[in-house]
Each structure stands twice: as C-alpha cells, then as structure tokens.
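# An overview of the molecular structure
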Amino acid sequence: MVPPEIWLKIFHFATDTPGLLDYGPSQSDLPPVLAKEQELQLLRDSLITKRSLALVCRTWGELATEFLYQSILITRVRTLLPLHEALQRRARAAAGTTGTHPARWTRRLDVVIEYDQCDTADYGILADVIRYFSNLAIVTLSMPILPFNDHWLRQLHTELIVSLVETCGPSLRVFDCAESLLRPCREDLMLLLAGAPNLRILRCPICSPTPGDRSPCSRSDVPVMANLESISLMSVFLRDYLPREKNKNHLPALRRLTYGCISPPFFAYAWKSFVKSSCSAVTCITLDFSFQGDSLQSELDLLSECCPALDKLVIHFRSWTEFIPHLALPPISRLRIHSKLAKAPAFHYCSLLYALTTLTASKLGSVRLIHANAVDEFLHCLRSLSQDEIDGLASKAFRIEDHEGRAILLVG
C-alpha cells in the first residue's frame, strides 16, 4: 500500500508546470498576447492532467482535490453559476467540521472569456466566486464588454475589485487585466493597489475613465508600492500612475518595466517624469515601440541617462525597418528584438542586418531574435550575403542568437 504522502508527491510532479504558480516576472520576451497564449495552453494541459487523476477512483479524487483547486480557469460564462453552487456546497459541507474548504488551496484565478456575452448579473456571480478564494495570489481578468456599455468607458465592475481587496488583498501578488476589454477605472485601481500591499506584478496599462470625471486634485493618490517589482504601462494613460509629488518614487522595488509607446506620443513629459523618478534600479525594460524609427534614439538616450542599472532591453517593432541604422544603445549586455510583421519581405531583413552592423553598444554581449519565424527568415537572408557583409557583421563584439539562445552568428 502506497502511503498518501507518496501519492501527493507523485501528483505534484505529474501536475506541476513551472511558472504557473510563480510570482516572479514572466521569463518570456515575446509580446504579452503571444506569451499569454502559451501560458494559457500550459494551464489547460495541467488542468486536464489534474482532472484525469481525480477521476481514477474516489481515493485519488480526494487526494487530488488540493491540486485540482490550485488554479481555476474560467473560459465560459455558463460555468460561473455551477462553480458558485459547487463552492457553496463545499462551504456547507465544511461548516462545523474539521474539513478544509478546497478554495483555500486556490492560488491562481484566470477568467479569460473571449466570445461569450456577459450580463451584469454574471459579474455579480464572479464577485461572489472570488469571495471564496481567500489565498489568491495570481489573478488574470480578460473580460468581454457589457452589451450596453459605452465603447470608451469599458469599466470593470467595482464589485469585482472590492471582492479582491476584501477577500485576498494581502495575499495578492499578480494582477493582470492588460488584455481585457473591461478595465478598472483609476479610482478602483488605486483602491486595489492600496488594499494589496504585497503586489509584485501589475499589468493594467489602461484605466477606464473614472465616473464623474474627477479633477486631478480630488483623485486618489498613487500609494507607495514597496514590493512591486514589475509593471506594464502605456504612454497615453501613464498619467494615471504619476503621484502628486512628482519627484517621489512610489515604486522603490521596481526592476522590470513594460512600456507601450502608442503613436502619436501624447504627454511625453509624463514618461520622462516617470523614468526619472521610478527607474533608477530597473534592470529590464520592454518597449512596445509604435513610433517611427527615427524617434527611437531619444528613448534610448533617456534610458541611458536615467536607468544606470539597466542590463536587458527588449524592443517590439512594428517592422524591422523601424530598427534604424546607427543607434547608440544604453550600456546593456542583452538586447532582445521582435517584429510584429509576419512573413516580412527580404529587404526588411536587409534593413535589420544593416542596423546591427552600425549599432553602437559598448557592453552588448548578445542580440536575440525572440520569435522562431524570424529566426528562419533571418537565416535565409544570411545565405544571400556577400562575404564582405558577413565580415562587417562579424566585426561587432556581440553574438546573434535564435529564440532559444543558440548562436546564429558568433561575432567578435
């Protein structure tokens, strides 16, 4: 007879997916949408394994309950009510006994509803579901818009934010609604930040307008987030994250920053103010760059001036032609690059090669193409180069890597 403790170890190794219950920043340099797709697929695969274990027999079902409830994935509106009713039944069964409600084991909640239509009552049920998860650490919300909602307002129900703060605020480590059509208004987001002092990762680059159009002087101030290590921001909405005291650093633990540069460059002063006040200890910055290539150097100069700890820079271009020649990088050791244009024509890769050969980067050790498709196309382009062109690229003191970190072209 195998002891239950051994079975629990076996279940752990069978169902564990590295990274899914971690609080650290994502290790993927891909654009967030692509990285999230990969993460959700891993999560689905893990849940299938857990359900299979739970259905083997009653004993295994009881032992596997802890693992089955570790992460909850909701992708259909119709599953909300059955889940709520199941949690209610479990709560009644545990009342007055020494039993543990399985929701106490839930550390991660992903609500990724892409195609269903939600009504107001559905969001109320979701808020009630959240109130069972007192130990939630990771929350991802990707919600459809309400049928009657204004297409600009797109406000996530305040009730959902309140349920998170009141139920699991102290345990919350990751909050992600970057891909959601519904977003919290700024006042609700400030409520969440104040009620989640241990938050480490925040991906909420867009806030809905606050109802009532409050003046800046009456808005809640940005709280000091002593443990926040990673944040995602967007240029047009950056002012929502600026504290009243412009020179005060409210994010002293910040080490990773993702910044969406949306064209046109509204309120550039807000970006400069944020970088100067909050990014002195940042080691990794991702720029989702949607400007013309000739404006990139000014961004790099700002990072050189204000981010002395910066070691890794990730840039997502609209196309390789925006990676212009003769750029001067900050003193980083790692550059990661990506083009959103699929199946780019050959001359785009010629532009990329020329940009690399003219790059000024005193401490750069590697340049990595972070998507497999780009690697294949880049290798095809290399075959058409003359020896002089290859020698010119090889004169640079860094190596070019594929998406898995293997050398494509070792230089220097």
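About the criteria used
Residues numbered from 1 in each chain as written. Predicted model: local features only at pLDDT ≥ 70, side-chain atom pairs only at ≥ 80, totals over all residues. Heavy atoms only, no water. Helix = DSSP H or I, 4+ residues; strand = E, 2+ residues; numbered from the N terminus. Buried < 20%, exposed > 50% of the residue type's maximum accessible area, 1.4 Å probe, protein only. Contact = heavy atoms within 4.5 Å. Areas by Shrake-Rupley, 256 points an atom, 1.4 Å probe, with all protein chains shown as cover. Lys, Arg positive; Asp, Glu negative; His and termini not counted. Charge placed at Lys NZ, Arg CZ, Asp CG, Glu CD. Core = buried A, V, L, I, M, F, W, Y, C linked by side-chain atoms within 4.5 Å. Pairing = 2+ DSSP bridges. Arc of directions from axis to C-beta. Salt bridge = Lys/Arg side-chain N within 4 Å of Asp/Glu carboxyl O.

With that settled, consider the overall build of the protein chain. Each helix and strand counted, the protein chain has twelve helices and 13 strands in total. Taken over the C-alpha atoms alone, the protein chain extends approximately 80 × 60 × 35 Å along its principal axes. Out of the 412 residues belonging to the protein chain, those deemed buried represent 51%. Looking at the protein chain alone, contacts between residues at least 24 apart form 78% of all its contacts between residues at least 6 apart. When the accessible surface of the protein chain is split by element, carbon and sulfur atoms take 54% of a total near 19,400 Å². Counting 43 positive and 43 negative side-chain charges, the protein chain places the centres of these two groups 4 Å from one another.

Glancing now at the nonpolar core. Among the nonpolar cores identified, the biggest contains 101 residues, and Phe-175, Leu-202, Trp-271, Phe-274, Phe-323, Leu-335 and Phe-378 are the most heavily contacted of them. By residue number, the principal contributor to this core is helix α5 (residues 120-130), which donates six residues. When neighbours within four sequence positions are excluded, Phe-175 is seen to be in contact with Val-139, Leu-141, Ile-161, Leu-164, Leu-192, Leu-199, Ile-201, Leu-202 and Arg-203.

This next bit is on the environment of Leu-364. Within the secondary structure, Leu-364 sits in the loop between α10 (346-357) and β11 (366-369). Relative accessible area serves as the criterion here: at 3%, Leu-364 is assigned to the buried category. A C-alpha to C-alpha distance of 7.4 Å links Leu-364 and Leu-335, two positions 29 residues apart in sequence.

Looking now at the pairing of strand β9 (residues 312-317). When you tally the buried positions in β9, you get six out of six residues, the bulk of the element. Where burial is concerned, the two faces of β9 agree: the one with Lys-312, Val-314 and His-316 and the one with Leu-313, Ile-315 and Phe-317 are both buried. Pairing of strand β8 (residues 284-289) with β9 involves five bridges; the strand directions are parallel. Within β9, the position partnered with Asp-288 by the bridge is His-316. In terms of strand pairing, β9 meets strand β10 (residues 334-339) through six bridges, oriented parallel. When the bridges of β10 are listed, Ile-315 appears paired with Ile-337.

Those residues of helix α11 (residues 372-382) not exposed but buried are Ala-374, Val-375, Phe-378, Cys-381 and Leu-382. Around the axis of α11, the buried residues are gathered within 125° of arc, so they sit on the same side. In α11, the exposed positions that point more than 90 degrees away from the buried face belong to Asp-376 and His-380.

Right, let's talk about the pattern of salt bridges for a bit. In this structure the tally under the stated criterion is 17 salt bridges. Between Arg-108 and Asp-110 there is a salt bridge, with its nearest N and O atoms 2.6 Å apart. Residue Arg-108 is classed as buried on the basis of its relative accessible area of 2%. What makes Asp-110 buried here is its relative accessible area of 0%.

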